[in-house]
Structures are given as C-alpha cells and as structure tokens.
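One letter stands for each residue in the lines below.
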Amino acid sequence: MLNDEKLERCLRRALPTPLVGAKFRSVLNFLIAMLASYIDQAMELAVYEIIEEDQTYWGEIPSLQGVWANHQTLEGCRRELREALSDWLALRLHLGLTIPVIAGMNLNELTKPV
C-alpha cells in the first residue's frame, strides 16, 4: 500500500484546493480507500511468468505502462509489483498525469475542482 507520508504529500499537491485539519483528514481517508480499491483491482489484471535464464518471476500490469516487477519468488514478485504500482500512482498524482480507468474507477476525477 502507499506510504501515508508520501501519499499525503502527493495528494496535497494534486488536490485542486488546499485542505487543512479535520477536513483534510476526512478527504485523505476517503482517497486512501479509493486508492486501495484501485490497487486491488489493478493487481487482479497482473500477469506473471518465470524467466527461464535465472528462474525468477516477472510480473506486470499490461494496461499500466511501466508497472512491472521481478523477484526470486512469486509472492515476492507480487509484493514488488504492488509497491511499483503504488509508486507509479503517487508519481502520476504528483505530476498531474492521467491515470487509466480500471474497473470503472476514474482517479482523474479526484483531483478536479468541484
């Protein structure tokens, strides 16, 4: 899952209006739940294979360019892939880049002014 400090910094920059105190905490908790759900749905799209040369596992989420991982074990590959996805999302939020819609979840709507 996303590191709370890293997430909070990214969300503070990405949100259209500055929020403080309890209001920010409330919005932050909602966004963390949305991101957790998005990550879970994206991980369902992951594909894995064994690399013949070194017998390691390769995993990627094909619909999310640049989200991949490699590890000695399948479980390790899954953990690394989830971390790569979290970092990828944090970077895209920070830079204001488009995030692909997955399972009907449009994270791009979260940072639009209301």
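Note: the structure precedes this text.
What comes next is a walk through the structure. (Residues numbered from 1 in each chain as written. Predicted model: local features only at pLDDT ≥ 70, side-chain atom pairs only at ≥ 80, totals over all residues. Heavy atoms only, no water.)

Mapped onto the elements, Leu-64 comes out in the loop between β2 (56–60) and β3 (68–71). On a C-alpha basis, the gap between Leu-64 and Ala-46 in space is 9.7 Å, while along the polypeptide they are 18 residues apart. What Leu-64 contacts, discounting residues up to four positions off in sequence, is Tyr-38, Ala-42, Leu-85, Trp-88, Pro-100 and Ile-102. (Helix = DSSP H or I, 4+ residues; strand = E, 2+ residues; numbered from the N terminus. Contact = heavy atoms within 4.5 Å.)

Here the focus is the nonpolar core. It is characteristic of soluble globular proteins that their nonpolar side chains tend to be buried jointly. Tyr-38, Ile-61, Leu-64, Leu-85 and Leu-89 are the most contacted members of the largest nonpolar core, which totals 20 residues. Taken together, the elements giving at least two residues each to this core come down to α2 (21–43) and α3 (74–95). The leading source of residues in this core is α3, at six residues. In contact with Tyr-38, not counting residues within four places along its chain, are Leu-64, Leu-89, Ile-99, Pro-100, Ile-102, Met-105 and Leu-107. (Core = buried A, V, L, I, M, F, W, Y, C linked by side-chain atoms within 4.5 Å. Buried < 20%, exposed > 50% of the residue type's maximum accessible area, 1.4 Å probe, protein only.)

Right, let's get into the sheet that holds β3. Strand order in the open sheet formed by three strands is β1-β2-β3, and the pairing between neighbours is antiparallel. Each having just a single partner strand, β1 (47–51) and β3 make up the two edges of the open sheet. Neighbour-to-neighbour, the strand axes of the sheet open up by a mean angle of 20°, direction not taken into account. In the sheet, β1 pairs with β2 via five bridges, with the strands oriented antiparallel. Note that in β2 the partner of Tyr-48 across the bridge is Gly-59. Of the strands in this sheet, β1, β2 and β3 are in contact with α3, which crosses β3 at around 150°. (Pairing = 2+ DSSP bridges. Axes fitted to C-alpha atoms, helices over the stretch in contact; angles between N-to-C directions.)

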